[in-house]
Amino acid sequence: MDKEKHTVDNADIKSIRRAANIGLYGTLLLSALTVMEYYLAKYVWIREITSNEYTRHLLLTIGLVMAVLDISMVLLTLRRQIPRLRQLDEREEKLGKYRQLVRSVYFSTLFVVFIVCAVVILSRENTLIMLLMLLFVMLALNYPNMYKMKTDLGMNDDDMSELFGDQYIKGGSQNE
């Protein structure tokens, strides 16, 4: 039975890492490709995509609102859900809910980044590039490494040693 729990825990951890990596590196890749397209378009393309002023402002507004709403959603969701996860009793339940939280945060942000990148290409607005960088930094700061998972889920050193084995380095107590 213990072997089965350990396998379930490892599957949850792999799923958490996979979702976070897809979201983080997908955001980085899409943002980098968009920046390259933005600055190299006049040298590569014969004709640029042109739109009237109203459409450009509408796309800019849509991109700004989507990015700001995504940042707000992620920060508020993490702020509300992390303390709730910490109060759960079972480790498997904590990992399962944390996996769902990471998947929803990173995949929704990747979707918003895709839309904002399309808006940057269509509207030729470099203001949105700053928000793409901000979205990437937000994902990088919330990346679920093993020590952040320990803090987020309120696990002790024994649980972390069971989950990560020799990779986890136990921290000494301040009183020792």
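Cut-offs and rules
Residues numbered from 1 in each chain as written. Predicted model: local features only at pLDDT ≥ 70, side-chain atom pairs only at ≥ 80, totals over all residues. Heavy atoms only, no water. Helix = DSSP H or I, 4+ residues; strand = E, 2+ residues; numbered from the N terminus. Buried < 20%, exposed > 50% of the residue type's maximum accessible area, 1.4 Å probe, protein only. Areas by Shrake-Rupley, 256 points an atom, 1.4 Å probe, with all protein chains shown as cover. Arc of directions from axis to C-beta. Polar contact = N/O pair within 3.5 Å; in protein donor to acceptor, adjacent residues only side chain to side chain. Contact = heavy atoms within 4.5 Å. Salt bridge = Lys/Arg side-chain N within 4 Å of Asp/Glu carboxyl O.

Peer 1: I would appreciate a short explanation of the overall build of the protein chain in the present structure.
Peer 2: When helices and strands are tallied, the protein chain shows six helices and zero strands. Secondary structure of the protein chain in N-to-C order comes out as α-α-α-α-α-α. Per-residue burial over the protein chain gives 35% buried out of 176 residues. Accessible area for the protein chain stands at about 11,000 Å²; split by element, carbon and sulfur atoms hold 60% of it.

Peer 1: Can you walk me through helix 5 (residues 146-153) in this structure?
Peer 2: Among the residues of helix 5, Met146, Met149, Asp152 and Leu153 are the ones counted as buried. Buried residues of helix 5, seen end-on, are gathered within an arc of 120° and therefore sit on one face of the element. The opening residue of helix 5, the one whose side-chain oxygen lies 3.2 Å from the backbone nitrogen of Tyr147, is Asn145. At the exit of helix 5 stands Gly154, carrying a positive phi of roughly 65°.

Peer 1: Before we go on, may I ask you to explain the environment of Glu37 in this structure?
Peer 2: Topologically, Glu37 is positioned in helix 1 (residues 2-44). Accessibility expressed as a relative area gives 19% for Glu37, which makes it buried. Placed 87 residues apart in sequence, Glu37 and Arg124 show a C-alpha to C-alpha distance of 10.0 Å. A polar contact is formed between the side chain of Glu37 and the side chain of Arg124, at a distance of 3.0 Å.

Peer 1: Could you clarify how one ought to interpret the side chain of Glu125 in this entry?
Peer 2: Structurally, Glu125 is set in the loop between helix 3 (91-123) and helix 4 (127-141). Among the residues examined, Glu125 registers a relative accessible area of 10% and is labelled buried. Other than its neighbours up to four places away in sequence, Glu125 contacts Tyr38, Arg56, Leu60 and Val120.

Peer 1: Sorry if this is basic, but what is going on with the environment of Thr77 here?
Peer 2: Inspection of the secondary structure assignment puts Thr77 in helix 2 (residues 53-86). You can call Thr77 partly exposed: its relative accessible area is 23%.

Peer 1: Looking at this model, I keep getting lost on the pattern of salt bridges. Mind explaining?
Peer 2: Side-chain pairs of opposite charge can arise where the charged atoms are in close proximity. What the rule picks out here adds up to five salt bridges. Measuring nitrogen to oxygen at the nearest pair gives 2.8 Å for the salt bridge that ties Lys148 to Asp152. One end of the pair is Lys148 and the other is Asp152, both in helix 5 and four residues apart, which spans about a single turn. By relative accessible area, Lys148 is classed as partly exposed at 22%. Sharing partners across several salt bridges, the network here consists of Glu53, Arg56 and Glu125.

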